[in-house]
Amino acid sequence: MPKNTNIKSVLIIGSGPIVIGQACEFDYSGSQSIRSLKEEGIEVTLINSNPATIMTDPSLADNVYLKPLTTKSIIEILKKHPNIDAVLPTMGGQTALNLCIEADDKGIWKDFDVEMIGVDIDAINITEDREQFRELMGRIGVGMAPQATATSFLEGKKIAQEFGFPLCIRSSFTLGGAGAAIVYEEEDFDELLRRGLEISPIHEVMLDKAMMGWKEYELELLRDKNDNVVIVCSIENMDPMGIHTGDSITVAPAMTLSDSTFQKMRDMAIHMMRSIGDFAGGCNVQFAVSPDEKEEIIAIEINPRVSRSSALASKATGYPIAKIATKLALGYNLDELNNQVTGNTSALFEPTLDYVIVKIPRWNFDKFEGSDRTLGLQMKAVGEVMGIGRSFQEALHKATQSLEIKRNGLGADGKEETHYDTIISKLTNASWDRVFTIYDAIKAGISLKKIYDITKIDMWYLKQYEELFTLEKEISTNKLDTLSKDLLLEAKQKGYGDRQIAHMLGCLESEVYKKREELNINRVYKLVDTCAAEFAAQTPYYYSTFENTMTTADGATFSANESVVTDKKKVVVLGSGPNRIGQGIEFDYCCVHGVLAAKEAGYETIMINCNPETVSTDFDTADKLYFEPVFWEHIYDIIRHEKPEGVIVQLGGQTALKLAEKLEAHGVKIIGTSFEALDLAEDRGRFSDMLTSLDIPFPKFGTATNADEALEIADTLDFPILVRPSYVLGGQGMKIVINKEDLEAHVVELLRSIPGNKLLLDHYLEGAIEAEADAICDEDGNVYIIGIMEHIEPCGVHSGDSNATLPPFNLGEFVMDQIKEHTKKIAVALKTKGLINIQFAIKDDTVYIIEANPRASRTVPFIAKAYGEPYVNYATKVMLGVNKVTDFDFNPQLEGYAIKQPVFSFNKFPNVNKALGPEMKSTGESILFIDSLKDDAFYELYSRRKMYLNK
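A brief look at the structure comes next. Here the structure is a predicted model, which is why all the values come from computation and not from measurement.

### Concerning the pairing of strand β26 (residues 701–704)
Residues Gly702 and Ala704 line the buried face of β26, whereas the alternating positions Phe701 and Thr703 sit on a face that is not buried. Strand direction decides the pairing type here: β26 and strand β29 (residues 759–763), joined by 4 bridges, are antiparallel. For Phe701, the partnering residue across the bridge sits in β29 and is Asp762.

Encoded structure:
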């Protein structure tokens, strides 16, 4: 039992909708925390307004409240559950901490006799109030950059005069570096100071001397009530100070730190954690280190909660930080707890890694036209990927292959930047693609010294890049038949993909793959085992690498493969890769439920994904986890190794779906709807022929591959015309045009960014109402519609950016009958097996089809939460053929209406056009329940419905 036996019921505060700076890492830590409490027999009540997450799944907490994160909601919950003993606010990011402080200020915890665990208010206040924090660090002898606090514009001006430029502005009590900026020139200062003061909820900013070019490090700590401390992970930012850690390429363990400095840093971190308060739980500490041989250390900040880096550190080390932090909050000591990954070491053991991990952020600047794309103190990334390898080079390549930005890794793919001035400019103004630009700079002959002088990226990293380029040069002098085994093996060990090697040799990817097989250069799989194999690990959590073969005494050669294949029937679930706008955490929710359903159906489940923030990559979600890029070569090798019955592609968004064609071509069975049907739904011409044969109306359209064809089609369609590329997600590149000039300009722009794409031109039904339906269909043609939603915004705003109302609020019976009829006909005609989403435009009582997607859509988790039904579980069992739709007893429960409300992160891009249109821009969503349409919230949404429409 927990050491504190008084705690029988705990309230967890979640992090709300996903925004830039606070993404699904808190869904992961929150889910782990709930499970950790439940193991102790504790009742768990959760408040979180995000319907897309696993954390808010009814199967996790005992009581889930999908309510706005306000003190009003907290009072309602505490009145309803007077037995709640404690609140755990450290699992929901800054949002949860801020709400917890507000509730404390209002005396709510005192009124209901609720204890705060995992952190104390003093610790939060000290770490968030930069002046208090500075004073404390001075008292305990920890150095910091020269800093001062300003609570007014005049005060700020005075400090700037004293410090000189460049200097940093940081707002107090904000998230993801909101309001932060580096000011190089005096003329930019006034506006940035004003913004920083406005964004801070307490109207306070900290001004500090910019430590530009210093190296940046993070340590993840856990402490128990006996004051035992473990340092779970050291993380080094490849990018120096001046770029937010969430936008930095990070490496674990730290690579370029001397041992004596690392020991000093450890001692400082422990000293800092002990000095901010007497609490048991997790902490993240950030430091800057001077880039000279003195290695002077200064503290940047400390966060007394699990952070974005905690999720990364958990996945990097296999040490379940959130789970252990929760147990510590209950009063356990570290030496009493087991590390569940090894299964046989205590949680007081610090992980030791025999591999390297590299995290690269994933940005979405293409969604924010006119945005400032340079990186700085304010976080702009929407997601991240992680690569695991035996060396930094291998991990770096795997991470770049995971990004899904049409690159095959670093260089060697014909997409290098060769223009000298552009390269220098991208290095000078830290760009989102700097990970590639460094390679391009070396290839362009720019000296390492010059690259270092501009970027201040440690010379060790630049030399690693240089080695890679040297290898590329050497391979390029060969042809496929003259390439030696040693050289090919070295390229694979350094992470080069078969596609890149084929590019260097001027041959096909399949030929390189074949040559590797002939030479017996095969991937082997290693366990992520937290203690460098000193103890046997129990957890099936793998990454791939290439090893030299060993020869045994009897002459047999082999490479050690730690992934043992069982003879059980297996299924692979392809994950959705990094979060981005248009493909977020909803698909991770679907993947997790798919895995759990396949387990229930008696399959061994195998998950392939590379996103460190999510529940799908938790070590105990699937029977086996391969933390690998969702990239053809990696997937195909795993499939050949495991020999599954088939692969589920329809739960992982467009990422997984795009691989269906290759899987089909290589004879791998696709579980659920066939590739033929997926392709038919994407091919506008064939799909329209199918709709015509079913007598279902659709807007007039045409397809074009160049501007001339587009202009010709425009003559037959009538403006306005909706233009969009095929095979994209989140409305990428969609636009409504109103004349030939606009049309030509947009088509030329689209084909420049997506060459060779087939463009779809639809007559845009102006003033139409938009609706969508999700359904499950089985191979016998039984169809069950799980939900029909009506959008509050008119047709023309992307469905992901619309307020979607379940059930519809003003579609008459005649229209509803057409929607049901069309949905069933299309699902059957596409031979759907599993989930399908169909979007409709309604004009003059006629229901037109906009598109059909025979896969899980972003609305599925919302419908499941609104109706309280496990739809993904049912759909997966239908895909696997173990159940028919008619086997399930559907019983949706919803009084009144549920509204899916989009949440935007425009505050990160102040100068961007906020108008909404056919291209999706929201980063997350929340759910709002209302009893009737007379509710003020509904009235306000409905009255503003046309405000943002981008014509």
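Read on for the rest.
### A look at the sheet that holds strand β25 (residues 670–671)
Taken together, the 7 strands give an open sheet; going across it, the order is β17-β18-β23-β22-β21-β24-β25, and neighbouring strands pair in mixed fashion. The sheet terminates laterally at β17 (524–527) and β25, the two strands that pair on one side only. Relative to strand β23 (residues 624–627), strand β18 (residues 541–545) runs parallel, the two sharing 2 bridges. From the neighbouring strand, Tyr542 faces β23, where its bridge partner is Tyr626.

### Section: the pattern of salt bridges
Scanning the entire structure with this criterion turns up 53 salt bridges. Measuring nitrogen to oxygen at the nearest pair gives 2.8 Å for the salt bridge that ties Arg35 to Asp620. Taken together, the residues Arg35 in helix α1 (residues 25–39) and Asp620 in the loop between β22 (604–609) and β23 connect sequence positions 585 residues apart. By relative accessible area, which is 24% here, Arg35 ends up partly exposed. Residue Asp620 is classed as partly exposed on the basis of its relative accessible area, which comes to 28%. Residues Asp637 and Arg523 are paired through a salt bridge, measuring 2.5 Å at the closest nitrogen-oxygen approach. Placement of Asp637 in helix α21 (residues 632–642) and of Arg523 in the loop between α19 (509–518) and β17 is noted, with a sequence separation of 114 residues between them. You'll find Asp637 and Arg523 in the same group, each marked buried. Through salt bridges with shared partners, a single ionic network connects Lys492, Asp498, Arg516, Arg523, Glu633 and Asp637.

### A few points about the layout of surface pockets
In this structure, the second largest pocket spans a volume of roughly 950 Å³. Along the walls of the second largest pocket sit 37 residues, with Ile182, Tyr184, Thr374, Leu375 and Gly376 positioned nearest its centre. At the level of elements, β8 (181–183), α8 (189–199), α13 (420–428) and α15 (448–455) are the ones that each hand at least two residues to the lining of the second largest pocket. Here the lining of the second largest pocket gets 5 residues from one element, more than from any other, and that element is α8. Across the lining of the second largest pocket, the residue classes break down as 17 nonpolar, 9 polar and 11 charged.

### Regarding the pairing of strand β16 (residues 383–389)
Among the 7 residues in β16, 7 count as buried, and that is most of the element. Going residue by residue along β16, you find Gly383, Val385, Gly387 and Gly389 tucked away on one face and Glu384, Met386 and Ile388 tucked away on the opposite face as well.

### Quick notes on the packing of α1 against helix α10 (residues 308–317)
Following both chains from N to C, one finds α1 and α10 inclined at 65°, their axes separated by 8 Å at the closest point. As judged from the angle between their axes, α1 and α10 are roughly perpendicular. The interaxial crossing formed by α1 with α10 has left-handed handedness. Between α1, through Glu25, Phe26 and Tyr28, and α10, the contact on the second element is made entirely by Arg308, Ala311, Ser314 and Lys315. Residue composition of the contact of α1 with α10, by class: 3 nonpolar, 1 polar and 3 charged.

### Digging into unusual backbone geometry
Generally, phi is negative for residues other than glycine and the peptide bonds are trans, each holding for most cases. A cis geometry characterises the amide bond from Ala252 onward to Pro253, with omega recorded as -10°. Among the secondary structure elements, Pro253 is positioned in the loop between β12 (250–252) and α9 (259–276). For the peptide bond that leads from Phe719 to Pro720, omega is -5°, which places it in the cis range. Mapped onto the secondary structure, Pro720 falls in the loop between α26 (707–717) and β27 (721–725). You will see that Asp113, though not glycine, has its phi angle at about 55°, which is positive. For Lys643, which is not glycine, the phi torsion reads 50° and is therefore positive. You can see Lys643 is positioned in the loop between α21 and β24 (646–648).

### Structural notes on the sheet that holds strand β10 (residues 215–223)
As summarised here, the arrangement of the 7 strands in space is β14-β13-β10-β11-β12-β15-β16, forming an open sheet in which the pairing is antiparallel. Edge positions in the sheet fall to β14 (297–303) and β16, since each of these pairs with one other strand and no more. Each strand axis lies, on average, 25° off the axis of its neighbour in the sheet, ignoring direction. Strand direction decides the pairing type here: β10 and strand β13 (residues 281–289), joined by 9 bridges, are antiparallel. Looking at the pairing, Arg223 lines up with Gly281 of β13. Together, β12, β15 (356–362) and β16 form the strand contacts of helix α12 (residues 392–402), whose direction differs from that of β15 by roughly 30°.

### Things to note about the environment of Ser275
Relative to the elements of secondary structure, Ser275 occurs in helix α9. Owing to a relative accessible area of 23%, Ser275 belongs among the partly exposed residues under this scheme. Taking the C-alpha atoms as reference points, Ser275 and Ala123, 152 residues apart in sequence, are found 8.8 Å from one another. Apart from the residues within four sequence positions on either side, Ser275 is in contact with Leu136, Met137 and Ile140.

### Structural notes on empty space enclosed by the protein
Leftover empty space is mapped by rolling, across the atoms, a probe with the size of a water molecule. Taken as a whole and assessed by the stated rule, the structure comprises 13 cavities of 30 Å³ or more. As a volume, the second largest cavity reaches approximately 530 Å³. Looking at the second largest cavity, it is lined by 35 residues, and the ones nearest its centre are Gly177, His244, Gln286, Glu301 and Asn303. Elements supplying a minimum of two residues to the lining of the second largest cavity: α1, α5 (121–128), β7 (167–171), β10, β13, β14 and α10. With 4 residues, the single largest contributor to the lining of the second largest cavity is β14. Of the residues that constitute the lining of the second largest cavity, the class distribution is 10 nonpolar, 16 polar and 9 charged.

### Concerning the packing of α12 against helix α16 (residues 459–476)
Orientation of α12 relative to α16, taken along the N-to-C sense of each, is 75°, at an axis distance of 10 Å. Taken together, the axes of α12 and α16 lie roughly perpendicular to each other. From α12, Phe392, Gln393, Leu396 and His397 reach across to α16, where they touch Trp460, Tyr461, Gln464, Tyr465, Glu467 and Leu468. A breakdown of the residues in the contact of α12 with α16 according to their chemical character gives 6 nonpolar, 3 polar and 1 charged.

### Re the packing of aromatic side chains
Going through the model one piece at a time under the given rule, you end up with 24 aromatic pairs. Relative to Phe888, the ring of Tyr874 lies with its centre 4.2 Å away and its plane at 20°, an arrangement referred to as stacked. In this pair, Tyr874 sits in helix α30 (residues 871–879) while Phe888 sits in the loop between α30 and β35 (897–903), placing the two residues 14 residues apart along the sequence. The same class applies to Tyr874 and to Phe888, which are both buried. Ring pairing ties together the aromatic residues Phe365, Phe368, Phe904, Phe906 and Phe909, which thus form one cluster. Here Lys456 stacks its cationic end above the ring of Tyr452, 5.4 Å away from the centre of that ring.

### Some thoughts on the state of the cysteines
One pass over the structure, following the stated rule, counts 0 disulfides. The cysteine Cys590 is free of any disulfide, with Cys591 supplying the nearest cysteine sulfur at 7.0 Å. Residue Cys590 is classed as buried on the basis of its relative accessible area, which comes to 0%.

### Quick look at the side chain of Glu642
Its place among the elements puts Glu642 in helix α21. According to the relative accessible area criterion, Glu642 is buried, its value standing at 0%. Polar contacts involving the side chain of Glu642 include one to the side chain of Tyr626, which spans 2.5 Å. Excluding residues that lie within four positions of it along the chain, Glu642 makes contacts with Ser563, Val565, Lys570, Glu604, Ile606, Lys624 and Tyr626.

### What to know about helix α14 (residues 434–443)
Taking burial as the measure, the 10 residues of α14 include 9 buried ones, the bulk of the element. In the stretch just after α14, Gly445 is the one whose phi turns positive, near 90°.

### Re a negative patch on the surface
A grouping of Asp708, Glu709, Glu712, Glu741, Asp742 and Glu744 is seen on the molecular surface, where their side chains present a negatively charged patch. Within the residue set of the negative patch, elements represented by two or more residues are α26 and α27 (740–753). Along the chain, the position of Glu709 falls in helix α26.

About the thresholds
Residues numbered from 1 in each chain as written. Predicted model: local features only at pLDDT ≥ 70, side-chain atom pairs only at ≥ 80, totals over all residues. Heavy atoms only, no water. Buried < 20%, exposed > 50% of the residue type's maximum accessible area, 1.4 Å probe, protein only. Helix = DSSP H or I, 4+ residues; strand = E, 2+ residues; numbered from the N terminus. Pairing = 2+ DSSP bridges. Salt bridge = Lys/Arg side-chain N within 4 Å of Asp/Glu carboxyl O. 1 Å grid on protein atoms, 1.4 Å probe; cavity = no way out; pocket = protein on both sides within 12 Å on 5 of 7 lines; lining within 4 Å. Points joined across faces, edges and corners; volume = space filled by probe spheres on them. Nonpolar A, V, L, I, M, F, W, Y, C, P; charged D, E, K, R; others polar. Axes fitted to C-alpha atoms, helices over the stretch in contact; angles between N-to-C directions. Parallel < 35°, antiparallel > 145°, perpendicular 65-115°, else oblique. Left-handed = near helix turned anticlockwise from the far one by under 90°. Contact = heavy atoms within 4.5 Å. Phe/Tyr/Trp six-rings, centres within 6.5 Å; stacked < 30°, edge-to-face > 60°. Lys NZ or Arg CZ within 6 Å of the ring centre and 35° of its normal. Disulfide = S-S within 2.5 Å. Polar contact = N/O pair within 3.5 Å; in protein donor to acceptor, adjacent residues only side chain to side chain. Patch = residues over 30% accessible without salt bridge, like charges linked within 9 Å, V, L, I, M, F, W, Y side chains within 5 Å. Areas by Shrake-Rupley, 256 points an atom, 1.4 Å probe, with all protein chains shown as cover. Lys, Arg positive; Asp, Glu negative; His and termini not counted. Charge placed at Lys NZ, Arg CZ, Asp CG, Glu CD.

So far we have only geometry, and geometry alone does not tell us how the molecule works.
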